[in-house]
Amino acid sequence: MWGRRGGRRAERSTLAGPCRAERAQSAAPAEAALGRDRAALCAGPCMPGAMAGEPLSFRAFLDGRPAGCEYGYGHGDGFRALRDREFPRLRGITYLDHAGSALFPESLLKAFTDDLRNNIYGNPHSQNISSKLTYDTIEHVRYRILQYFHTTAEDYTIIFTSGCTAALKLVAESFPWIPEGTKQPSSRFCYLTDSHTSVVGMRGITASMNVLSVPIKPKEILVAKSRSPAEEQSCTTPHLFSYPAQSNFSGTKYPLSWIQDIKSGRLCPIKLPGKWFVLLDAASYVSTSPLDLGVHQADFIPISFYKIFGFPTGLGALLVNNRIAPLLRKTYFGGGTAAAYLAGEDFYFPRKSIAERFEDGTVSFLDIIALKHGFDVLEKLTGGMEKIKQHTFALAHYTYTVLSNLKYANGAPVVRIYSDTDFSNPDAQGPIINFNVLDEGGQVLGFSQVDSMASLHNIHVRTGCFCNTGACQMHLDISNEDIQRNLQAGHVCGDNIDLLDGRPTGSVRISFGYMSSFEDAQTFLNFIIATRLSNSDAEIPLQSVTKLPTESVPDDHLSFNKADKFSPILKISDRELRNIPSEAETTGSWQPPEPEAESMRAAVSETAVPMCRKGGKPIIVAKIYLYPIKSCSAFEVTEWPVGNQGLLYDRNWMVVNQNGVCMTQKQEPRLCLVSPSIDLKQKIMVIQAEGMDPISVPLEDNTGKEAVTCESKVCSHRVKTYDCGERIATWLSAFLGRPCRLIRQSSDMKSKSHQKNTKGLSSATNISLSLVNEAQYLLINVASILQLKEHISARLKEPLEIEELIRRFRANIVISAPESFEEEEWAEISIGALQFQVVGPCSRCQIICIDQQSGERNKEILQSLSAARGRKTNFGIYLMNQPFCSSFSDTLSVGSQVLPVLKENTEIQPPTSSEEKCSG
């Protein structure tokens, strides 16, 4: 069935036919040397001459622009300087999610803050001077918005809302619906299936009013016929049809002529007597295109201003045609909406102004004032929305043309683009490109993998279904049954489960904004070429359970006693173990009697039998690491006590920024240079870093009155933490060069707030977690590391040392097994008296690209892993400890034998979560 794989619009790049391609422009970067021997950039039969010569050059871009599409707003060579001045925070970053949110320029923020410093703005519902200034400024902004959309207060009313979604909800609640079961014909709410979730969600309100909703596919509206009988046209039952001016999924622009056609009866969404009103969802459209409401007079137009200016957020508006406004119904009345009301009787009289009647409470007046500066700055920088439309489309057209012509050496396309146009006309297509990356065999690469690789190149894209399930289903050929089946498999909107049964659950979207540049498009295209069109991608993927030529791991590949200079390997004495808190009381190193160990394994699985290795060669624990501070350096030990959350003190602390948000190496790679070590005898954690004096933190839980407690989140899990004080905060801030603090998980919440119900364990068992992302332990295999090392070494100029690779994968337990990737076949393991259940594979993110000794990034690591594992980025397995009532203490030791139990199904399913499963 999935020969269609990724969508019925599978060959969209050839949709335009050979002639239309002559209008396409060329593309991309000559400056960034592509290096390496890459597969062909195949121009189609009608590739423009400029593109056929130097397709990746600025000159080709300029020569290939569609007629009438100017680039740079007339600034010429000064456009780059203008962007650097207005968006200095974008240096080194390629932001391609403008459909998600525009970015505000420096001058907008300065103009707004200067305004606030120089004026006093009071509550507009008061009557004093400062309040009058606020009221008058708000009214001025209303007129400015109307002017922006080429209309006047005689035709439209501006109702401020918290955003486009709130505006849509307002329409659903106040539209004069006629429900089913009355003497009059009932109303219908019709919406295009290529609509945002917030539009589709209106049907929840209409259903509660006993009004039927009817989804309309784009192809159905195109063949809809007009209403002909006079009696049908004389019916006054109100119906509402909603459609987007521009699809937020694909950038397709639907005809604005539909507005008048539907209102006049020339076009009818469904055959039903009554009067049709039109809701035009303009949120995506107006961010890069002009909308003339003097010509296209929709009845309702919801918008969000951050889509246009980037700031302020949380402010939108509903533009209401004054001909429908008096018919709107309202039940709730808030502050400022009443002309008069009685508290003791059911009497309420609304204000005459439609805007004041529907704006409950005090509007966000400072944000509204910011809009004035948004309009001023946008006009000054660009010259207006028509020029923005030309600028952004030139970039999108160029990127589409190059992207759609990228081919592998075997002629297979590199990407599959989901679009209904050939990007030849800015009136039919917006600056949005939606696609999936393919391998040489035409198989879709998961969008999460593409996103992870883009992040390594500081490219910001968006992935998933973009709050538009209808368009996602249409373009990717996902049936209603598929959606429900995916949900049962654990996939929900917004998570990172990108492939199920080999089929994509979503795609990748890039979008250009008013300050996007040629360099942005160039960088993105270079990224696709560099990561997909290289000879090394054609290598044979590593398979699970690949036997090495030797019977065991050579001794010279791994030193079990080599320790980090700040993390000495500790041999724990019996006396030191007695000082460990009760959650991990131990008595020393030991091996349980064989009968006891066998009975424990039997308790884990009555039917499974421990795997017998070839020649009886044992699997042993080679290394043990704990990470006291999340995302900081490893602390290597040879023997360590186990608590109820994993290795004692593993990830009990984490560094947060000034907003209390957890910092990881993704945002701050230098965290790996912070080296904590645990001294159980002195009951302290010593923290060291180059150029800094060592500092210590007590191991005792400090949750007394002097401790500042707070709620934090770790990968969607709520945890209660407390601050470790100013001294360590100052130390960390000085080393990292940014304000940050050290916080610790509070002991009274360890068993309550961060728990996981683990499949396969007793239903009554809640596994307690520290500040880890997914599970208590992460295990990797030296044999797997060695095989991966061979693959990576072929791509790198300087091969990595085995020790460096091991540290990049940030495991707790490193084992030495005879076969590579055999750990992926395990369901359970026992190490001494400790029993572990395999939760699933660890899907790797960009943290493995960071050298844990220097903090430097190497983008090739993740790409190599993906190529080696056959488009997957899994490496290592998650473990959960299975507690048993035993008189033996729990200690994990290097040299201990590992006894695995095979699972019935040899493919481990990854844990279902919305977060990347990375070891922090």
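Residues numbered from 1 in each chain as written. Predicted model: local features only at pLDDT ≥ 70, side-chain atom pairs only at ≥ 80, totals over all residues. Heavy atoms only, no water.

Engineer: It is not clear to me how helix H6 (residues 129–148) should be interpreted in this structure. Could you clarify?
Structural biologist: One turn of an α-helix holds 3.6 residues; hence residues three or four places apart share an orientation. For H6, spanning 20 residues, the distance from its first C-alpha to its last is 29 Å, which sits close to the expected 28 Å at 1.5 Å a residue. Of the surrounding elements, those touching the buried residues of H6 are strand S2 (156–161), helix H13 (306–309), helix H14 (354–358), helix H15 (365–382) and helix H16 (385–404). Immediately downstream of H6, the backbone of His 150 shows phi near 55°, a positive value. (Helix = DSSP H or I, 4+ residues; strand = E, 2+ residues; numbered from the N terminus. Expected span 1.5 Å × (residues − 1). Contact = heavy atoms within 4.5 Å.)

Engineer: Explain the state of the cysteines to me, please; I cannot follow it from the model alone.
Structural biologist: Considering all chains together, one arrives at 1 disulfide under this definition. Here Cys 849 stays free of any disulfide, with the sulfur of Cys 845 as its closest cysteine sulfur at 8.4 Å. (Disulfide = S-S within 2.5 Å.)

Engineer: Help me understand the sheet that holds strand S26 (residues 695–698) in this model?
Structural biologist: Strand pairing in a sheet relies on backbone hydrogen bonds, with the paired strands running either antiparallel or parallel. Pairing within the open sheet is antiparallel, and its 3 strands lie in the order S24-S25-S26. Both edges of this open sheet fall to strand S24 (675–679) and S26, since each of them pairs with a single strand only. On average, each strand axis in the sheet is inclined to that of its neighbour by 25°, with strand direction left out of account. The strands touched by helix H23 (residues 726–736) within the sheet are strand S25 (684–688) and S26, with S26 carrying the most contacts at an inclination of about 140°. (Pairing = 2+ DSSP bridges. Axes fitted to C-alpha atoms, helices over the stretch in contact; angles between N-to-C directions.)

Engineer: Would you mind going over helix H4 (residues 78–86) with me for this structure?
Structural biologist: Considered for burial, the residues of H4 that qualify are Phe 79, Leu 82, Arg 83 and Glu 86. Down the axis of H4, the smallest arc covering the buried residues is 95°, so these residues share one side. (Buried < 20%, exposed > 50% of the residue type's maximum accessible area, 1.4 Å probe, protein only. Arc of directions from axis to C-beta.)

Engineer: Is there a simple way to think about the sheet that holds strand S22 (residues 646–647) in this case?
Structural biologist: In space, the 3 strands of this open sheet follow the order S22-S21-S38, with antiparallel pairing throughout. In this open sheet, the two strands that pair with only one neighbour each are S22 and strand S38 (891–893). Relative to S22, strand S21 (residues 639–643) runs antiparallel, the two sharing 2 bridges. Opposite Val 642, over in S22, you have Leu 647 as the bridge partner.

Engineer: Is there a simple way to explain the pairing of S24 in this structure?
Structural biologist: The side chains of a regular strand alternate, first on one face of the sheet and then on the other. Of all the 5 residues making up S24, 4 are buried; the element is thus mostly covered by neighbouring parts of the structure. With 5 bridges connecting them, S24 and S25 associate as antiparallel partners. Its bridge partner being in S25, Ser 675 is matched across the sheet by Gln 688. Here S24 hands over to S25 after 4 residues, with Lys 683 in that stretch at a positive phi of 60°.

Engineer: Just checking my understanding: could you explain the nonpolar core for this structure?
Structural biologist: A general tendency of soluble globular proteins is for nonpolar side chains to be buried together. Core analysis: the largest hydrophobic core is formed by 142 residues, its most contacted members being Phe 160, Tyr 243, Leu 291, Ile 301, Phe 305, Leu 403 and Phe 435. Those residues in contact with Phe 305, other than ones at most four positions away along the chain, are Ile 145, Phe 160, Gly 310, Pro 312, Leu 315, Gly 316, Ala 317 and Leu 371. By size, the runner-up hydrophobic cluster in this structure holds 48 residues, among which are Leu 671, Leu 742, Ile 829 and Phe 836. (Core = buried A, V, L, I, M, F, W, Y, C linked by side-chain atoms within 4.5 Å.)

Engineer: Teacher, can you tell me more about a nonpolar patch on the surface here?
Structural biologist: Together, Leu 342, Phe 347 and Phe 349 make up a nonpolar patch on the protein surface, roughly 310 Å² of accessible area in all. Along the chain, the position of Phe 349 falls in strand S10 (residues 347–350). (Patch = residues over 30% accessible without salt bridge, like charges linked within 9 Å, V, L, I, M, F, W, Y side chains within 5 Å. Areas by Shrake-Rupley, 256 points an atom, 1.4 Å probe, with all protein chains shown as cover. Salt bridge = Lys/Arg side-chain N within 4 Å of Asp/Glu carboxyl O.)

Engineer: Is there a simple way to think about the confidence of the model for the protein in this case?
Structural biologist: Close reading of the predicted structure is inappropriate where its pLDDT is low. Chain-level statistics for the protein give a pLDDT mean of 81 and a share of 77% at 70 or above. Note that residues 535–568 has pLDDT below 50 and, in this model, 84 contacts with residues that lie over four places away or in other chains. Counting interchain partners and residues more than four positions distant, the pLDDT-below-50 stretch residues 749–765 has 44 contacts. (pLDDT = per-residue confidence, 0-100.)

Engineer: Would you mind showing me how to read the packing of aromatic side chains here?
Structural biologist: The way to describe two aromatic rings as a pair is by their centre distance and the angle between their planes. Applying the stated criterion across every chain, the model contains 35 aromatic pairs. Relative to Phe 79, the ring of Tyr 73 lies with its centre 6.0 Å away and its plane at 55°, an arrangement referred to as tilted. Note on Tyr 73: relative accessible area 10%, which makes it buried. For the pair Phe 333 and Tyr 341, a centre-to-centre distance of 5.5 Å together with 55° between the ring planes defines the contact as tilted. For Phe 333, a relative accessible area of 31% corresponds to the partly exposed category. Connected via pairs of aromatic rings, a cluster forms that spans Phe 58, Phe 61, Tyr 71, Tyr 73, Phe 79, Tyr 398 and Phe 518. If you follow Arg 89 out to its NZ or CZ, it ends over the ring of Phe 104, 4.3 Å from the centre. One cation-aromatic arrangement involves Arg 670 over Phe 735; the distance from NZ or CZ to the ring centre is 4.3 Å. (Phe/Tyr/Trp six-rings, centres within 6.5 Å; stacked < 30°, edge-to-face > 60°. Lys NZ or Arg CZ within 6 Å of the ring centre and 35° of its normal.)

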